[in-house]
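The chain contents come next:
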Amino acid sequence: MKIAVTSMGRDLASAVDPRFGRAAYILIVDTDTKDCKVIDNTVNVSAFKGAGIQAATMIAEEGAEVLLTGYCGPNAFRILEAAGIKVGSDISGTVADVVVAFVEGKINYIETANAEGHW
Amino acid sequence: MIISVASGKGGTGKTTVATNMALSMEGGCTLLDCDVEEPNVHLFLHPVIERRETVTTFIPAVDDSRCTWCRKCADICRFRAIAVVGQKVLVFPELCHSCGGCQVICPEQAIGEGLRELGVVEWGEGAGVPVVQGRIRVGEAMAPPLIRKVRAAAKSDGTVIIDAPPGTSCPVIAAMRGVDFVLLVTEPTPFGLHDLELAVGAVRLLDIPCGLVINRADMGDDRVRQYARREQLPVLLEIPFDRRIAETYSRGRMIVEELPEWKEKFRDLFRRIEERVEAAPKGRTEQ
């Protein structure tokens with residue numbers, strides 16, 4: 001299964017970026033093969049508006065079924081919900097730790113956005 | 001003739017100048033409050049509202065039965081107001097700038113006309129002055145189309161005075177574009193000068209003749225006047241930092257009524273603007 005994790009850096013040892021739409025990178029990790037694809041999110045970091053919408057569309061196109069991040073705003077959440085992507089929130093630590101926590105089922109999923117727009 | 005009263009910096013006295021000039025006019029005029037995010041002309045002229053119209057703007061309304069999820073609408077939208085995920089199209093009305101690009105590019109004619117309320121335009125009369133004001137809907141971010149509606153509500157003949165919003169962004173441009181004269185109200189402070197320079201830059205881009213009113217003219221320093229001389233900007237009126245004027249304003253009263261000697265000064269201000277408009281070359285940018 002593919003999961004998306006917001007990240008400060010380009011590899012699994014990087015810290016999780018608590019922001020979703022404006023995260024530095026988004027790593028798409030295959031939990032079976034441990035393959036990791038790096039999405040450079042620079043364009044969205046400085047986007048005027050709609051960063052969350054764009055980031056959510058991107059991970060949906062990558063085929064991610066779960067998003068693990070710190071905070072997710074209402075517009076992004078609407079897209080993730082429409083795409084059937086579950087959102088695990090209040091995530092911290094390294095991306096590698098988070099992937100282990102996911103595999104062990106230790107993630108809390110949210111039913112609504114947990115941040116305001118333009119947070 | 002249309003005069004836009006603008007400023008750059010907020011709180012310099014745009015509304016004071018616009019309302020007092022409007023009230024002094026011998027030939028009468030229409031006053032437009034185009035500061036739709038916080039209109040305040042009504043605090044001074046107390047217009048009785050006779051008519052109110054809701055202003056709406058286009059947003060896409062997607063017909064799911066025709067959509068093939070080709071994403072062309074999402075790709076063309078630079079504001080991310082429309083997104084396609086799998087076989088779902090999501091519209092984010094508050095992000096839409098109503099360009100209609102999605103509707104034009106859709107090969108299936110699946111995008112129809114939806115509406116978002118921008119605010120209201122209100123017509124009334126206060127202290128004998130016809131007033132038109134715009135009030136933006138709370139939460140709405142897009143002021144320029146509402147401002148254009150307020151401007152379209154003014155009769156084309158006769159004198160029109162526009163109370164513009166502060167700053168130099170899109171709403172201000174909407175309140176200045178195509179007018180005959182921009183009157184910039186400033187104050188002799190570093191902030192006043194800084195924002196005045198930005199405002200003058202915007203007015204020059206629009207190629208509109210302009211002049212200055214220096215409010216609280218006897219405080220601060222001389223740099224605004226030095227700048228005006230350097231840039232050949234006429235100072236058409238100076239208003240001193242006078243306690244009686246401040247008290248009149250803070251009670252919501254009109255300077256030209258409480259301190260009648262000011263009526264002639266505001267008339268003179270208008271005459272000086274008129275002279276400059278008549279002397280200016282014709283054929284500027286249309287609205």
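Residues numbered from 1 in each chain as written. Chains lettered and ligands numbered in written order. Predicted model: local features only at pLDDT ≥ 70, side-chain atom pairs only at ≥ 80, totals over all residues. Heavy atoms only, no water.

Novice: What is the right way to read the overall build of chain A from this model?
Specialist: Regarding its fold elements, chain A presents four helices and five strands. Sequence-ordered secondary structure for chain A, helices as α and strands as β, is β-β-β-α-α-β-α-β-α. Rg of the C-alpha trace for chain A: 12 Å, near the compact-globule value of 14 Å for 119 residues, within the 12% margin. The principal-axis extents of the C-alpha atoms in chain A amount to approximately 35 × 30 × 25 Å. Scored against the burial criterion, the 119 residues of chain A give a buried share of 49%. Taking the intrachain contacts of chain A between residues at least 6 apart in sequence as the baseline, contacts between residues at least 24 apart amount to 50%. Roughly 5,700 Å² of accessible area belongs to chain A as shown, and the carbon and sulfur atoms make up 52% of that amount. For chain A, the separation between the mean place of its 10 positive charges and that of its 15 negative charges on side chains is 5 Å. (Helix = DSSP H or I, 4+ residues; strand = E, 2+ residues; numbered from the N terminus. Rg over C-alpha atoms; globule rule 2.2 N^0.38 Å. Buried < 20%, exposed > 50% of the residue type's maximum accessible area, 1.4 Å probe, protein only. Contact = heavy atoms within 4.5 Å. Areas by Shrake-Rupley, 256 points an atom, 1.4 Å probe, with all protein chains shown as cover. Lys, Arg positive; Asp, Glu negative; His and termini not counted. Charge placed at Lys NZ, Arg CZ, Asp CG, Glu CD.)

Novice: Can you walk me through the sheet that holds strand 6 (residues 111-126) of chain B in this structure?
Specialist: Backbone-to-backbone hydrogen bonds join strands into a sheet, with any given pair of strands oriented parallel or antiparallel. All names here are of chain B. Reading across the sheet, the nine strands line up as 3-6-7-2-8-1-9-10-11 and stay open at both edges, with mixed pairing between neighbours. Of all strands in the sheet, those with a lone pairing partner are strand 3 (48-62) and strand 11 (235-239), marking the two edges. Neighbour-to-neighbour, the strand axes of this sheet turn through a mean angle of 20°, independent of strand direction. With four bridges joining them, strand 1 (residues 2-6) and strand 9 (residues 181-186) adopt parallel strand pairing. Opposite Ser4, over in strand 9, you have Val182 as the bridge partner. In the packing of helix 1 (residues 14-24) onto the sheet, contacts are made with strand 1, strand 2 (30-33), strand 7 (129-136), strand 8 (160-163), strand 9, strand 10 (210-215) and strand 11, and the angle to strand 8 comes to roughly 160°. Contacts from helix 7 (residues 190-205) reach strand 9 and strand 10 within the one sheet, and its direction differs from that of strand 9 by about 170°. (Pairing = 2+ DSSP bridges. Axes fitted to C-alpha atoms, helices over the stretch in contact; angles between N-to-C directions.)

Novice: Is there a simple way to think about the sheet that holds strand 1 (residues 2-7) of chain A in this case?
Specialist: Residue and element names in this part refer to chain A. Ordered in space as 3-2-1-4-5, the five strands form an open sheet in which the pairing is mixed. Two strands lie at the open edges of the sheet, namely strand 3 (36-40) and strand 5 (86-88), each paired on one side alone. Neighbour-to-neighbour, the strand axes of this sheet turn through a mean angle of 20°, independent of strand direction. Pairing between strand 1 and strand 4 (residues 66-68): three bridges, direction parallel. The residue of strand 4 that forms the bridge with Ile3 is Val66.

Novice: Would you explain the interface of chain A and chain B in this entry?
Specialist: As a measure of interface size, the accessible area lost when the parts come together is often cited. In this assembly, 13 residues from chain A lie in contact with 13 residues from chain B. Approximately 1,200 Å² of surface area, both sides summed, lies buried where chain A meets chain B, with 62% of it carried by carbon and sulfur atoms. Counting every contact that joins chain A to chain B gives one salt bridge. We note a salt bridge from B:Arg71 to A:Glu61, for which the minimum N-O separation is 2.3 Å. The set of elements that each furnish at least two residues to the side of chain A that touches chain B consists of helix 2 (51-61) and helix 3 (74-82) of chain A. Counting residues per element, the side of chain A that touches chain B draws most heavily on helix 2 of chain A, at five residues. Split by residue class, the side of chain A that touches chain B holds six nonpolar, four polar and three charged. (Buried area = accessible area lost by both parts, 1.4 Å probe. Salt bridge = Lys/Arg side-chain N within 4 Å of Asp/Glu carboxyl O. Nonpolar A, V, L, I, M, F, W, Y, C, P; charged D, E, K, R; others polar.)

Novice: I'm lost on the pattern of salt bridges in this one. Help?
Specialist: Residue and element names in this part refer to chain B. For the structure shown, the criterion picks out 25 salt bridges over all chains. Residue Glu122 is joined to Arg135 by a salt bridge in which the shortest nitrogen-to-oxygen separation is 2.7 Å. With Glu122 in strand 6 and Arg135 in strand 7, this pair connects stretches of sequence that are 13 residues apart. Put simply, Asp222 and Arg229 hold a salt bridge, and the shortest N to O gap is 3.9 Å. Assessed through its relative accessible area of 34%, Asp222 is described here as partly exposed. Given the relative accessible area of 57%, Arg229 is considered exposed. Here the salt bridges do not stand alone but share partners, grouping Glu26, Glu264, Arg267 and Arg271 into one network.

Novice: What's the story with the domain arrangement of chain B in this structure? I'm lost.
Specialist: Each assigned domain of chain B is listed here: domain 1 (2-46 + 127-279) and domain 2 (56-117). The gap between the C-alpha centroids of domain 1 of chain B and domain 2 of chain B is 39 Å. (Domains from an automatic or database assignment.)

Novice: Sorry if this is basic, but what is going on with the pairing of strand 6 of chain B here?
Specialist: Residues in a regular strand point their side chains to alternate faces of the sheet. Residues and elements named next belong to chain B. Relative to strand 6, strand 3 runs antiparallel, the two being bridged by 14 bridges. Residue pairing in the sheet places Pro60 in a bridge with Glu113 of strand 6. With eight bridges connecting them, strand 6 and strand 7 associate as antiparallel partners. Bridging from a neighbouring strand, Gly119 pairs with Ile136 of strand 7. In this structure, the hairpin formed by strand 6 and strand 7 is closed by a connection of two residues, where Ala127 is found at a positive phi of approximately 55°.

Novice: Just checking my understanding: could you explain the side chain of B:Lys14 for this structure?
Specialist: All names here are of chain B. Position of Lys14 among the secondary structure elements: in helix 1. Buried within the structure, Lys14 lacks any salt-bridge partner; its nearest side chain of opposite charge belongs to Asp163, at an N-O separation of 5.9 Å. At a separation of 3.1 Å, a polar atom in the side chain of Lys14 contacts the side chain of Ser7. For Lys14, the contacting residues outside a window of four places in its chain are Val5, Ala6, Ser7, Lys9, Asp163, Ala164, Pro165, Pro166 and Val185. (Polar contact = N/O pair within 3.5 Å; in protein donor to acceptor, adjacent residues only side chain to side chain.)

Novice: Please clarify how the confidence of the model for chain B should be interpreted in this entry.
Specialist: Keep in mind that low pLDDT regions are not for reading the predicted coordinates in detail. Of the residues in chain B, 98% have a pLDDT of 70 or more, and the chain-wide mean is 95. Note on the complex model: pTM 0.83, ipTM 0.84. (pLDDT = per-residue confidence, 0-100.)

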